[in-house]
Amino acid sequence: MATIKLKNVIKRFGDIETIHGVDLDLKDGEFVVFVGPSGCGKSTLLRLIAGLEEISDGDLYIDEANVNNVAPADRGVAMVFQSYALYPHMTVEENMSFGLRMTGAAPELIKERVSHAANILQLEPLLDRKPKQLSGGQRQRVAIGRAIVREPKVFLFDEPLSNLDAELRVDMRIQIAKLHQQLSATMIYVTHDQVEAMTLADKIVVLRAGNVEQVGSPMELYHNPANEFVAGFIGSPKINFLDASIKSVETDAVTIDIAGQSLSLPAKTELCKVGDSIKVGIRPEHLVEHNKECEFEIDVLVDVAEHLGGVSFLYGSYQGHDLTLEAPGKNLSKSGDTVKVGAKLSDFYLFNSEGLSLQNREVPTR
Ligand SMILES: Nc1ncnc2c1ncn2[C@@H]1O[C@H](COP(=O)(O)OP(=O)(O)OP(=O)(O)O)[C@@H](O)[C@H]1O
Ligand SMILES: [Mg+2]
C-alpha cells in the first residue's frame, strides 16, 4: 500500500505541453478514478506515475520517496492496460507468473502467488489455457491477475473494461470493486465512463486539457461541482443548462430571471453582479412532471421518448435549448407532446459567466 503525491507535474512532448502542473495527494488504499474527455491527459498522467513516461518538470512521490528517476520496475506499481497485452504463446499460468520468473523468484513463491491470484479472480479452471481460448472478460482477468501476482503497492488501470460488452463491464466493475476491498491497495483507474467513476471511486479527479478541474468524492462532484464543466461531466444523463440573468443581488442571495420567472436563491454574490448572464443547471432527475412542490416551471416539447419500463427518458427542447428529462416508467409521453415540468430551487445549480459555481451546495453524508 502506498501514498502518491504529485507536485506541479508537467509533461511536454517536444515543444507541446500536455500536462500543465498537476498537484495531487492520493491516500494509502484509496480508489482514485481519473476521468475526462478524450485527449485530456488521463493515460499520460497514469504513465508518468508508472514511469513509462518521464516527467518534464515537478515531482512525483510514492510513499514519500521521490521517484522521478526510479525505473518503472522499481516503483512498486503494476499497470493493467485496455488491450490486455497478454503473451499469446503462454498459458494463463505462464502469463501470470512471467514477471516474477523474470525477477528470479523462488518457484514455491511463484506458485503460491499465482494460485492466490487465480483464486481471487476465479481463474483456477483456466490456468492451462492460452489467451486465444479465453473470452474477453477472462483475458482481462488474467491481465489483472498478472498485476496481483506482483503484489504491487499501487495498481494502475487504463480503461481496462472498454473492450468488453455492456453486461461484462458491469460484472468486471463489481469484481474490481471487490478486488479493492480484498487487497486494500492504492488503485488508480482511468475511464471516460462516468458511471464507472461514480461507482468505483473513493476520489474522482476530473481532468480537462491537461489540468485538474476538481478533485472530490463522487457525491461532492455530483452535488457540489466547482464549475460548469464538472457539472456537465458528472451525472448521467447529462445535466441540462438554461440561460438566466442576475436581476438583483442581495446579502448572500441573488434574484435571477429565468424563463420569464423571477426567483431568489442563495449565492456567492462576490462572483456575480446585476445584469450578468448566468447558466442554471438542472439534472434530468430533478426536472419532474409539474407538481405543487415545484418552484419553477416550463413547457417542454418532446422530440424523442425512450421508455425502458422502470424509467422513461424524454429528450426535448425549451426555447432552443435541448433538455433531457428522467421520468418514472409510467410516464408514457411521446414525440410531439408538450409536457409541463418543474423543479425545486434547491435542485438548481448556478454558474457565473466564467462557468464558476455560485453556490456551496450541501453534500449528503452518512
Ligand atoms: N507520445 C506522445 N507524443 C506526443 N503527444 C502525445 C503523446 N502521448 C500523448 N500525447 C498527447 O497528449 C494528450 C493527452 O493524451 P492522453 O493519451 O493522455 O489522453 P487520454 O485522456 O488518455 O485520452 P483517451 O481518453 O482518448 O485515452 C493528447 O493531446 C495526445 O495527443
Ligand atoms: Mg487514454
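This structure is a prediction, so every number in the text was calculated from the model and none was measured.

### Examining the sheet that holds strand E16 (residues 296-307)
Then, in step 1: A sheet is described by the order of its strands in space; here five strands give the open sequence E15-E19-E16-E17-E18, paired in antiparallel fashion. In this open sheet, the two strands that pair with only one neighbour each are strand E15 (288-289) and strand E18 (321-328).
Then, in step 2: The sheet contact formed by E15 and strand E19 (residues 338-343) spans two bridges and is antiparallel. When the bridges of E19 are listed, valine 288 appears paired with glycine 342.

### Thoughts on helix H2 (residues 92-102)
Then, in step 1: Where H2 is concerned, the buried positions are Val92, Asn95, Met96, Ser97 and Leu100.
Then, in step 2: Just downstream of H2 lies glycine 104, where phi reads positive at about 75 degrees.

### Some points on the pairing of strand E11 (residues 240-250)
Then, in step 1: Two strands pair when backbone bridges link them, and E11 and strand E14 (residues 277-282) are joined in this way by six bridges, in the antiparallel orientation. Bridging from a neighbouring strand, asparagine 240 pairs with isoleucine 282 of E14.
Then, in step 2: Adjacent in sequence and paired antiparallel, E11 and strand E12 (residues 253-258) are bridged by two residues, among which aspartate 252 carries a positive phi angle near 55 degrees.

### Notes on the domain arrangement of the protein
Then, in step 1: Structurally, the protein comprises domain 1 (4-232) and domain 2 (237-351).
Then, in step 2: Here the C-alpha centroids of domain 1 and domain 2 sit 38 Å apart.
Then, in step 3: Of the residues lining the interface, eight residues belong to domain 1; the matching set on domain 2 comes to nine residues.
Then, in step 4: Note on domain 1 versus domain 2: buried area summed over both sides is about 730 Å², and carbon and sulfur give 54% of it.
Then, in step 5: On the surface where domain 1 and domain 2 come into contact, there are one salt bridge.
Then, in step 6: The salt bridge involving glutamate 228 is made with lysine 279; its shortest N-O contact spans 4.0 Å.
Then, in step 7: If you look at where domain 1 meets domain 2, you find four residue pairs in polar contact (both at pLDDT 80 or more).

Reading guide: rules and limits
Residues numbered from 1 in each chain as written. Chains lettered and ligands numbered in written order. Predicted model: local features only at pLDDT ≥ 70, side-chain atom pairs only at ≥ 80, totals over all residues. Heavy atoms only, no water. Pairing = 2+ DSSP bridges. Helix = DSSP H or I, 4+ residues; strand = E, 2+ residues; numbered from the N terminus. Buried < 20%, exposed > 50% of the residue type's maximum accessible area, 1.4 Å probe, protein only. Domains from an automatic or database assignment. Contact = heavy atoms within 4.5 Å. Buried area = accessible area lost by both parts, 1.4 Å probe. Salt bridge = Lys/Arg side-chain N within 4 Å of Asp/Glu carboxyl O. Polar contact = N/O pair within 3.5 Å; in protein donor to acceptor, adjacent residues only side chain to side chain.

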